[in-house]
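# Report on the structure
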Amino acid sequence: MKDCCKIEAGAGGNILKLCSFLSGPLYFNPKCRKHVYRLYHHTRDCTIPAYYKRCARLLTRLAGSPQCIEG
């Protein structure tokens, strides 16, 4: 099993449910923790409910990017 970092759900728990629904569970390498945190907490895509689908797509792409896949 890969190392993963959790995204703290807080008030935005719905986005995590949407991500899991659209793409399955997302696992992030600890090396890309900073990128995940910045995307999830500091972009309008992940903080405004109207943009949650876009946020799910961005998180999915980040999880599959070379910087997050490398071990």
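Residues numbered from 1 in each chain as written. Predicted model: local features only at pLDDT ≥ 70, side-chain atom pairs only at ≥ 80, totals over all residues. Heavy atoms only, no water.

Our focus in this paragraph is the pattern of salt bridges. This structure, assessed with the given rule, holds 1 salt bridge. Across the pair Arg54 and Asp45 runs a salt bridge whose closest N-O atoms are separated by 3.3 Å. (Salt bridge = Lys/Arg side-chain N within 4 Å of Asp/Glu carboxyl O.)

Counting 11 residues, the largest nonpolar core consists of Phe28, Cys32, Val36, Leu39, Tyr40, Cys46, Cys55, Leu59, Leu62, Ala63 and Cys68. Those elements that provide at least two residues to this core are α2 (33-42) and α4 (52-63). By residue number, the principal contributor to this core is α4, which donates 4 residues. Leave out the neighbours within four places in its chain, and Cys32 touches Gln67 and Cys68. (Core = buried A, V, L, I, M, F, W, Y, C linked by side-chain atoms within 4.5 Å. Buried < 20%, exposed > 50% of the residue type's maximum accessible area, 1.4 Å probe, protein only. Helix = DSSP H or I, 4+ residues; strand = E, 2+ residues; numbered from the N terminus. Contact = heavy atoms within 4.5 Å.)

Residue pairs spaced three or four apart in an α-helix point in one direction, given the helix's 3.6 residues per turn. Here α4 contains 12 residues, and its C-alpha end-to-end distance of 16 Å stays within 8% of the 16 Å for a straight helix at 1.5 Å per residue. Among the residues of α4, Tyr52, Cys55, Ala56, Leu59, Leu62 and Ala63 are the ones counted as buried. End-on view of α4: buried residues confined to an arc of 125°, all on one side of the axis. Residues of α4 that are exposed and point over 90 degrees away from its buried face: Lys53 and Arg61. (Expected span 1.5 Å × (residues − 1). Arc of directions from axis to C-beta.)

Tallying each qualifying case throughout the model produces 0 aromatic pairs. Its end group placed over the ring of Tyr51, Arg44 keeps NZ or CZ at 4.7 Å from the ring centre. (Phe/Tyr/Trp six-rings, centres within 6.5 Å; stacked < 30°, edge-to-face > 60°. Lys NZ or Arg CZ within 6 Å of the ring centre and 35° of its normal.)

A few words on the packing of α2 against α4. In the contact formed by α2 and α4, the axes pass within 11 Å of each other and the chain directions differ by 175°. When the interaxial angle is binned, α2 and α4 end up roughly antiparallel. Here His35, Val36, Leu39 and Tyr40 of α2 come into contact with α4, specifically with Leu58, Leu59 and Leu62. Class assignment of the residues belonging to the contact of α2 with α4 gives a composition of 6 nonpolar, 1 polar and no charged. (Axes fitted to C-alpha atoms, helices over the stretch in contact; angles between N-to-C directions. Parallel < 35°, antiparallel > 145°, perpendicular 65-115°, else oblique. Nonpolar A, V, L, I, M, F, W, Y, C, P; charged D, E, K, R; others polar.)

These figures come from the coordinates and say nothing about function on their own.
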